[in-house]
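So you can see what is in the structure, the chains are spelled out below.
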Amino acid sequence: GILHEDLRLLLETSMPAKKKKALLGVADAKIGAAILEELGYQCQTGGVVAEILRGIRLHFHALVKGLTAQSASKAQLGLGHSYSRAKVKFNVNRVDNMIIQSISLLDQLDKDINTFSMRVREWYGYHFPELIKIVSENYTYCQLAKFIGNRKELSEESLEGLEEIVMDSAKAQAILEASRSSMGMDISPLDLINIESFSSRVISLSEYRKGLQEYLRSKMSQVAPSLSALIGEVVGARLISHAGSLTNLAKYPASTVQILGAEKALFR
């Protein structure tokens, strides 16, 4: 405990001159030890002291002239906010908080989408295994799994829809031909409903990820335009996240930034 100058002045003016006869009730034992060491007043903590302090806090507005219960409540709320902000080092004026949260969410989405896409490939691969070799991109594969459904129902009429998804007429034709000679197992309508539902979820997650990346780019161009121009929005956001804040990153020496940049996670 550290004895503040204001507290020292209050005790010196309010406490009696004969220090040995005075007994001071203190809520914090560390503060009590500091008072005893610096001013010589005997301090008591715990037990009845805690009950007396609780009573003072409860009836504080009645003990102080001109203080209403509502004013005391507002003061307590303000003090609570100030204490909490100091504890978590929270600054409402920081503009890089959203960037740190966005890049963390973006990295998490990348992991989740990749995991879910592999699950769709494995699940739908029982029915149409040849599609995995033709289409390598996860987002496109999930779109095709949802569009095709039962491969036996794929016909020349579906060719236009396939071309819209894969953006390649030759690849669309290859999918159509592979569906006719596929060695995959037959699948029930209920299984197809679940695969299509899961594929839709993965597609919506991928589309949300694209929107989040655009939001991150716009935020980075506002908050750190020079950093974005130098190394790009995503890598710049990861640097800010690793440093903890834009201010911390700006204060780092070149050697520290070099260590941050050497991490593999920065260029995922």
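Residues numbered from 1 in each chain as written. Predicted model: local features only at pLDDT ≥ 70, side-chain atom pairs only at ≥ 80, totals over all residues. Heavy atoms only, no water.

Some remarks on the overall build of the chain
- Counting its regular elements, the chain contains 15 helices and two strands.
- Taken against the 2.2 N^0.38 rule, which gives 18 Å for 268 residues, the C-alpha radius of gyration of the chain at 33 Å runs more than 25% over that of a compact globule.
- Over its C-alpha atoms, taken along the principal directions, the chain stretches across nearly 105 × 50 × 35 Å.
- Contacts spanning at least 24 positions in sequence make up 55% of the contacts within the chain whose residues lie at least 6 apart.
- Of the roughly 17400 Å² of accessible surface on the chain, 57% is carried by carbon and sulfur atoms.
- Positive and negative side-chain charges of the chain, numbering 32 and 29 respectively, have mean locations separated by a distance of 16 Å. (Helix = DSSP H or I, 4+ residues; strand = E, 2+ residues; numbered from the N terminus. Rg over C-alpha atoms; globule rule 2.2 N^0.38 Å. Contact = heavy atoms within 4.5 Å. Areas by Shrake-Rupley, 256 points an atom, 1.4 Å probe, with all protein chains shown as cover. Lys, Arg positive; Asp, Glu negative; His and termini not counted. Charge placed at Lys NZ, Arg CZ, Asp CG, Glu CD.)

Points about the environment of Gln 213
- Residue placement: Gln 213 occurs in helix α11 (residues 189-223).
- There is a polar contact of 2.6 Å between the side chain of Gln 213 and the side chain of Arg 209. (Polar contact = N/O pair within 3.5 Å; in protein donor to acceptor, adjacent residues only side chain to side chain.)

Looking at the packing of helix α8 (residues 138-148) against α11
- Packing of α8 against α11 leaves a shortest axis separation of 9 Å and a crossing angle of 145°. Handedness of the crossing formed by α8 with α11: left-handed. In this structure, α8 uses Tyr 139, Cys 142, Gln 143, Ala 145 and Lys 146 to contact α11, whose residues at the interface are Glu 196, Ser 199, Ser 200, Val 202, Ile 203, Ser 206, Glu 207 and Lys 210.
- Looking at the contact of α8 with α11 residue by residue, the class counts come to five nonpolar, four polar and four charged. (Axes fitted to C-alpha atoms, helices over the stretch in contact; angles between N-to-C directions. Left-handed = near helix turned anticlockwise from the far one by under 90°. Nonpolar A, V, L, I, M, F, W, Y, C, P; charged D, E, K, R; others polar.)

Focus on the pattern of salt bridges
- Scanning the entire structure with this criterion turns up nine salt bridges.
- Note that Arg 54 and Glu 51 form a salt bridge whose closest N and O atoms lie 3.4 Å from each other. Of the two residues, Arg 54 and Glu 51 both sit in helix α3 (residues 48-58), three residues apart, roughly one turn of that helix.
- We classify Arg 54 as partly exposed; its relative accessible area is 46%.
- A salt bridge links Arg 238 to Asp 107, with the nearest nitrogen and oxygen atoms 2.7 Å apart. Highlighted residues: Arg 238 in helix α13 (residues 233-243) and Asp 107 in helix α6 (residues 97-125), separated in sequence by 131 residues.
- Residues participating in the shared-partner salt-bridge network are Glu 5, Arg 8 and Glu 38. (Salt bridge = Lys/Arg side-chain N within 4 Å of Asp/Glu carboxyl O. Buried < 20%, exposed > 50% of the residue type's maximum accessible area, 1.4 Å probe, protein only.)

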